Amino acid sequence: MFPGFEDQLRRYADVIVRFGLNLRPGQRVLIAEPYELQGVARAALPLVEAIMAAAQASGSDDVETIWGDVAAWRTAAQRWPQRDFLERLEDNTERLRSAVARGDALVFLVGAHPRLADGIAPQGAARLRRVCGEFYGQLVPELMAGATNWTAAAAPNTEWAETVFADAPAPERMARLWADVLATCRADSADPVAAWQVRAEELERRRDELNARGWRRLRLHGPGTDLALALPAAHRWCTALLRTRDGRRFAPNLPTEEVFTAPHRDSAEGWLRVARPVCHGGAVMEGVELEFRGGQVVCARARRGAELLRSVLATDRGAARLGEVALIDGVSPVARSGRCFRQALLDENAMNHVALGDGYAFTAAAGARDLLNRSTLHLDLPVEAEALLA
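Rules of the game
- Residues numbered from 1 in each chain as written.
- Predicted model: local features only at pLDDT ≥ 70, side-chain atom pairs only at ≥ 80, totals over all residues.
- Heavy atoms only, no water.
- 1 Å grid on protein atoms, 1.4 Å probe; cavity = no way out; pocket = protein on both sides within 12 Å on 5 of 7 lines; lining within 4 Å.
- Points joined across faces, edges and corners; volume = space filled by probe spheres on them.
- Helix = DSSP H or I, 4+ residues; strand = E, 2+ residues; numbered from the N terminus.
- Expected span 1.5 Å × (residues − 1).
- Buried < 20%, exposed > 50% of the residue type's maximum accessible area, 1.4 Å probe, protein only.
- Arc of directions from axis to C-beta.
- Contact = heavy atoms within 4.5 Å.
- Pairing = 2+ DSSP bridges.
- Core = buried A, V, L, I, M, F, W, Y, C linked by side-chain atoms within 4.5 Å.

Asker: Is there a simple way to think about empty space enclosed by the protein in this case?
Answerer: Leftover empty space is mapped by rolling, across the atoms, a probe with the size of a water molecule. Tallied over the full model, the rule gives 3 cavities of 30 Å³ or more. Of the pockets and cavities examined, the largest cavity occupies roughly 70 Å³. Lining the largest cavity we find 14 residues, and of these A41, L109, G111, H113 and A155 sit closest to its centre.

Right, dumping it as structure tokens:
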């Protein structure tokens, strides 16, 4: 791959196990991907093996993997409802539910599959993504409430590398993507777990500062964007660092560089230009521009994927409203790279962003949660804009 790859891969797996999961000795681990393929892509095998070794070194000898199937996904998107894929969804959801009930740790390895839906009607891709989201949504309340420790991390694949590094010689593409992904998770440093502990403390200080200020209005202003949001009186700024019910801290996303909250669901006013392509349901939307009035999208355009965008906004009643606004300080490896990764987990941590759809209930006090948006959708949209708070 490249000199030092094996060492960096091992350190990346250590970050996933020791910081992302904060794995307990003897805790079982389930590796999955519940968002799209309903299992981990086979290209992630080297990372899966490294995670198994890291888990064993941390005292866990029981690591299970659910593998995905690209052909099965495409068949389901073309012919839904498709019995075999529906059974896969039901079985995987039950396996995940059982793992959560046992207190197993969960690792979600996600890649990007920008050509997954090639030749498939946008409505078919969006419909299957919506169905997958509904099944995964059954687990989200327990996961967000700290039922167990879990983390999502990026796992490169060939199709993703070919898209991001299309101008590079073919033999170099996968190595270059791996190098960038490892750097975003600080795996190229001598002690990335310690580096993440330092970063976590920085993010928590920023969270506390924002909560102490009590600002109620936020404006995003930049090229093609001028968007005003109101924050509920009882809103809370949060980091993507959670705790289990027994107090164990873990990181649901790797990398994690954001401090976020939820706006009032009816407050968005103005225009928003999405700064990077958005991959959703195996298809890509580019050049997305949205106009909001009274909190709702009233005009939507896309240079590519306009039909998919319309399907996404029609997912349910909350899909055309905002559920999250997140601030990124720009000093992290993923932000400094300037790389457009075409993958939400990385691109959302590179710059300020908002999310269409669901707002996280814990970002507001109990009495204010009915002011937040609700949806089965949660789609992050990176924005090249300065955040002005008042």
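Asker: Can you walk me through helix 2 (residues 45-57) in this structure?
Answerer: Think of an α-helix as 3.6 residues a turn; residues three or four steps apart then line up on the same face. If you check helix 2, its first and last C-alpha atoms are 18 Å apart, about what 13 residues at 1.5 Å a residue would give, namely 18 Å. Of all the positions in helix 2, only L47, V48, A50, I51, A54 and A55 are classed as buried. Looking straight down helix 2, one finds that the buried residues subtend no more than 165 degrees of arc, so they occupy a single side. Facing away from the buried side of helix 2, by more than 90 degrees, are the exposed residues Q56 and A57. Against helix 1 (5-21), strand 1 (29-32), strand 2 (63-65), strand 3 (105-110), strand 4 (150-154) and helix 8 (170-184) lie the buried residues of helix 2.

Asker: I keep staring at the pairing of strand 15 (residues 289-293) and nothing clicks. Help me out?
Answerer: Here 4 bridges tie strand 12 (residues 269-273) to strand 15, and the two strands are oriented antiparallel to one another. Residue pairing for strand 15: R273 is matched across the bridge by E289. Pairing geometry for strand 15 and strand 16 (residues 296-301), over 5 bridges, is antiparallel. In the sheet register, R293 faces strand 16, and the bridge partner there is Q296. The turn linking strand 15 back onto strand 16 is made up of 2 residues, and G294 within it adopts a positive phi angle of 60 degrees.

Asker: In this structure, what is going on with the nonpolar core? I would like to understand it.
Answerer: It is characteristic of soluble globular proteins that their nonpolar side chains tend to be buried jointly. Ranked by internal contacts, the top residues of the largest apolar core, which has 68 residues, are Y12, F108 and L109. No other element matches the 9 residues that helix 1 contributes to this core. Contacts of Y12, omitting those with residues within four sequence positions, involve L47, A153, A154, W178, V181, L182, C185 and A187.

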